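Tertiary structure, described
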Amino acid sequence: MDRRQVLVSVGTALGVSLAGCAVVSESVDSSEVRLVNSLDETVTGTVHIAKVADDADEADRHETQPEPPTDPDWSRSWEFTVDPGESKTNGDLGIEPGAFYVEAACERGATEAREAGLYPGGPDGETVAGGQIVVRLREPDDDRDPISIGQDVAD
């Protein structure tokens, strides 16, 4: 199994949750953040991303609620409002390959943090991260929390 197959498997299975929010994954063709609201109400909140390393393998994808980095390479935030059943994508955050700390919060009081690693995916394997950071906002239940953070890998 090559690295891309492993990442697809991990990305598909990966999901970190919290209480009260959701995102749906669609095709991935650039380095972006995708947010989907599966709730029946409008949700506002913030997604904060900090690059912690150039090497995607340095991301600890299994650690839940990691500590925010004290000295990131860069950090950016996206304040969002998303209507019921709607999804939004932000490709203007300048996400290049590397390891990232991602934190999402919504006004319903839910907060979640996770690390993600995006590998090079440009035409020559450079510049553009070959994946997408995915934040899901959904109703919590016994099997899942309201916010989950994961990633998809480009085909």
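Residues numbered from 1 in each chain as written. Predicted model: local features only at pLDDT ≥ 70, side-chain atom pairs only at ≥ 80, totals over all residues. Heavy atoms only, no water.

1. Some details on the packing of aromatic side chains
Considering all chains together, one arrives at two aromatic pairs under this definition. A ring pair is formed by Trp74 and Phe100, whose centres lie 5.8 Å apart and whose planes are at 55°; its orientation type is tilted. Here Phe100 lies in strand E5 (residues 98-106) and Trp74 lies in strand E3 (residues 74-82), a separation of 26 residues in the sequence. The ring of Trp74 has Arg76 sitting right over it, with the charged end atom 3.7 Å from the ring centre. (Phe/Tyr/Trp six-rings, centres within 6.5 Å; stacked < 30°, edge-to-face > 60°. Helix = DSSP H or I, 4+ residues; strand = E, 2+ residues; numbered from the N terminus. Lys NZ or Arg CZ within 6 Å of the ring centre and 35° of its normal.)

2. Focus: the sheet that holds strand E6 (residues 111-118)
Strand pairing in a sheet is mediated by backbone hydrogen bonds. Such pairs are either parallel or antiparallel. Here we have four strands laid out as an open sheet, ordered E3-E2-E5-E6, and antiparallel in their pairing. The two strands at the open ends of the sheet, each matched to only one other strand, are E3 and E6. The mean angle between the axes of side-by-side strands here comes to 20°, regardless of whether they run parallel or antiparallel. Both E5 and E6 contribute to a ladder of eight bridges, which runs antiparallel. When the bridges of E6 are listed, Phe100 appears paired with Ala116. (Pairing = 2+ DSSP bridges. Axes fitted to C-alpha atoms, helices over the stretch in contact; angles between N-to-C directions.)

3. Describing the environment of Glu115
The topology assignment puts Glu115 in strand E6. Residue Glu115 is classed as buried on the basis of its relative accessible area, which comes to 13%. On a C-alpha basis, the gap between Glu115 and Gln65 in space is 8.7 Å, while along the polypeptide they are 50 residues apart. Residue contacts for Glu115: discarding those within four places in its chain leaves Glu58, Ala59, Asp60, Arg61, Pro66 and Phe100. A polar side-chain atom of Glu115 sits 2.7 Å from the main-chain amide nitrogen of Asp60. (Buried < 20%, exposed > 50% of the residue type's maximum accessible area, 1.4 Å probe, protein only. Contact = heavy atoms within 4.5 Å. Polar contact = N/O pair within 3.5 Å; in protein donor to acceptor, adjacent residues only side chain to side chain.)

4. Overview of the nonpolar core
Note that soluble globular proteins tend to have their nonpolar side chains buried in a common cluster. In this structure, Val47, Ile49, Ile95 and Ile133 are the most contacted members of the largest nonpolar core, which totals 25 residues. Going through the elements one at a time, strand E1 (32-37), strand E2 (43-53), E3, E5, E6, strand E7 (131-137) and strand E8 (147-153) are the ones with two or more residues in this core. Ignoring sequence-local partners within four residues, the contact set of Val47 consists of Val33, Arg76, Ser77, Trp78, Phe80, Val102, Glu103, Ala104 and Val135. (Core = buried A, V, L, I, M, F, W, Y, C linked by side-chain atoms within 4.5 Å.)

5. Points about the environment of Ala99
If you trace the backbone, Ala99 turns up in strand E5. For Ala99, a relative accessible area of 0% translates into the label buried. Distance in space between the C-alpha atoms of Ala99 and Asp60 is 8.7 Å, their sequence separation being 39 residues. Residues contacting Ala99, with those up to four places away along its chain left out, are Ala50, Lys51, Val52, Ala53, Asp55, Ala56, Glu58, Ala59, Ala116 and Gly117.

6. Re the pattern of salt bridges
Taken as a whole and assessed by the stated rule, the structure comprises four salt bridges. Across the pair Asp54 and Lys51 runs a salt bridge, and its minimum N-O distance is 2.9 Å. Exposure remark for Asp54: the relative accessible area of 61% places this residue in the exposed category. When the shortest N-O distance is used, the salt bridge between Lys51 and Glu96 registers 2.9 Å. Separated by 45 residues along the polypeptide, Lys51 in strand E2 and Glu96 in the loop between strand E4 (87-90) and E5 bring together distant segments of the chain. With a relative accessible area of 5%, Lys51 lands in the buried category. Overlapping salt bridges bring together Glu41, Arg108 and Glu139 as one network. (Salt bridge = Lys/Arg side-chain N within 4 Å of Asp/Glu carboxyl O.)

Worth remembering: the numbers are spatial, not functional.
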